Amino acid sequence: MATVREIYDLLDRKAPFRYQAGFDNAGFLVGRGDRGVTKVLVALDITPEVIREAVEEGCQLIVAHHPVIWGQIGQVTDETSTGRKLLALMENNIAAICAHTNLDAAEGGVNSELARLVGLENPVPLEVDGEDENGVAYGIGRVGLLSGGPMSLRDFASRVKKALDLEGVRVMDAGVPVRKVAVGGGACGSMLPLAKAQGCDTFLTSDLKHDLYLEARVLGVNLLDAGHYSTETVVCPVVKTWLEEAFPGLEVEISAHQGEVFAYF
């Protein structure tokens, strides 16, 4: 039987926690490292609904992308939303490991999978943060040429919608065909100048503000906002596969109680 610590060590090999950004709080955040694990729930966020699901499904561990503890925590009580979640985890003896910006930066992680799904060939980091022990660069975002050659922005948006199972994509059309694309899972709008500097004509990310659309228009870069949840949840099946391959007897499920927090009317 795998332990929480052994699962953490596996994730640390796949997406080293030393890759995380300085502001982040990724890691083994709740529980006992020697706790035996027979069932894991994988989710993007540790919400009350996900915790209830873990309890009902008999999971001993939740592996999530976004940290369940964020910022300074001075108390753990039922008077705050974070406190209530931490109490629920501890009272039900459920551990939590959160792989955030390290999973964004790692090869095979969030951005690698996003690039693969939208059809980028031989993607490389948009921003290089360092090199691994083999001299391979790691970092946030990915850049690559579009497989199949250039296409219109409308056709590329349709490809993104299909790949990410979306109802719609927010688009700023700079009037250029899509050939070289940068992707940034989650809120990577601040990386627009990097995308332009690397010769990208198109940037796919999320959580974009009005001024970034204006800047992209001036820079001549097509801009697509495909949603924070949708551009990051692509990594959940990847994590599930990692765990199942490393621990054949481990049961791993992706949470059925998660999704985009807003809807289109």
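These lines cover the structure that appears in this document, whether it is placed above or below. Everything numeric in this text was worked out from a predicted model, so none of it was measured. (Residues numbered from 1 in each chain as written. Predicted model: local features only at pLDDT ≥ 70, side-chain atom pairs only at ≥ 80, totals over all residues. Heavy atoms only, no water.)

Re unusual backbone geometry
Threshold: The way it works is that DSSP assigns letters per residue, a run of H or I at least four long becomes a helix, a run of E at least two long becomes a strand, and they are numbered from the N terminus. Three labels apply to residues, based on accessible area from a 1.4 Å probe with only protein chains included: buried if under 20% of the type maximum, exposed if over 50%, partly exposed otherwise in between.
A positive phi angle, near 45°, is found at N122, a position not held by glycine. Here N122 lies in strand β7 (residues 120-131). Even without being glycine, D165 reaches a positive phi, approximately 55°. In this structure, D165 sits in the loop between α6 (153-164) and β9 (170-172). Judged by relative accessible area, D165 falls into the exposed class, the value being 71%.

Examining the sheet that holds strand β2 (residues 27-30)
We count it as follows: Two strands are said to pair when DSSP picks up at least two bridges between them. Fitting a line to C-alpha atoms yields each axis, with helices limited to the stretch in contact; the angle taken between N-to-C directions then spans 0 to 180 degrees. Contacts are residue-level and defined by heavy atoms, with any inter-residue pair within 4.5 Å sufficient.
An order of β2-β6-β5-β4-β13 is seen for the 5 strands of this open sheet, with the pairing classed as mixed. Edge strands, defined here as strands with exactly one partner in the open sheet, are β2 and β13 (251-254). Going from strand to strand, the sheet's axes swing by 25° on average, the running direction of each strand aside. Both β2 and strand β6 (residues 95-98) contribute to a ladder of 3 bridges, which runs antiparallel. Pairing of V30 across the sheet is with A96, part of β6. Contacts from helix α10 (residues 236-246) reach β4 (39-43), β5 (61-64) and β13 within the one sheet, and its direction differs from that of β13 by about 180°.

Re empty space enclosed by the protein
For clarity, the cut-off: Buried and open spaces are told apart on a 1 Å grid over the protein atoms alone, a cavity being a set of points where a 1.4 Å probe fits but cannot get out and a pocket being an open set with protein on both sides within 12 Å along at least five of seven lines. Residues with an atom within 4 Å of a point are the lining residues. Grid points are joined across faces, edges and corners, and a volume is the space filled by probe spheres set on the points. Charged residues are taken to be Asp, Glu, Lys and Arg, nonpolar residues to be Ala, Val, Leu, Ile, Met, Phe, Trp, Tyr, Cys and Pro, and polar residues to be all remaining types, Gly included.
Scanning the entire structure with this criterion turns up 1 cavity of 30 Å³ or more. Taken as a whole, the largest cavity encloses approximately 60 Å³ of empty space. Contributing to the lining of the largest cavity are V42, A43, V63, A64, H65, A99, L103, V235, C236 and V239. For the lining of the largest cavity, the per-class residue count stands at 9 nonpolar, 1 polar and no charged.

Points about the nonpolar core
To be explicit about the condition: The set of buried Ala, Val, Leu, Ile, Met, Phe, Trp, Tyr and Cys residues whose side-chain atoms join them within 4.5 Å is what this entry labels a nonpolar core.
Counting 49 residues, the largest nonpolar core has I7, L11, V40, L61, F203, V239 and L243 as its most contacted members. Core analysis: the next-biggest nonpolar cluster, separate from the first, contains 20 residues, A115, V160, V181 and V183 among them.

Details of the sheet that holds strand β12 (residues 222-225)
Strands sit in the order β7-β8-β10-β11-β12-β9 across an open sheet of 6 strands; the sheet is mixed. The sheet terminates laterally at β7 and β9, the two strands that pair on one side only. Each strand axis lies, on average, 20° off the axis of its neighbour in the sheet, ignoring direction. Here helix α5 (residues 110-117) sits on the sheet in contact with β7, β8 (137-146), β10 (180-183) and β11 (202-205), set at roughly 5° to β8. The strands touched by α6 are β8, β9, β10, β11 and β12; relative to β12, the strand with the most contacts, the crossing angle is about 25°.

Some remarks on the environment of L214
If you trace the backbone, L214 turns up in helix α8 (residues 210-219). Note: C-alpha distance between L214 and V40 (174 residues apart in sequence) is 43 Å.

What to know about a nonpolar patch on the surface
Just so we agree on the cut-off: Patches here are clusters of residues that have more than 30% relative accessible area and form no salt bridge, with a 9 Å joining cutoff for like charges and a 5 Å cutoff for nonpolar side chains (Val, Leu, Ile, Met, Phe, Trp, Tyr). Each accessible area value is a Shrake-Rupley result obtained with a 1.4 Å probe; residue values ignore everything except the protein chains displayed when judging cover. By salt bridge we mean one thing: a side-chain nitrogen of Lys or Arg within 4 Å of a carboxyl oxygen of Asp or Glu.
On the surface, a nonpolar cluster with roughly 240 Å² of combined accessible area is contributed by I73, V76 and M90. Mapped onto the elements of the fold, M90 is located in helix α3 (residues 81-91). Its relative accessible area of 48% is what places M90 among the partly exposed residues.

Function-wise, these values are silent; they only describe arrangement.
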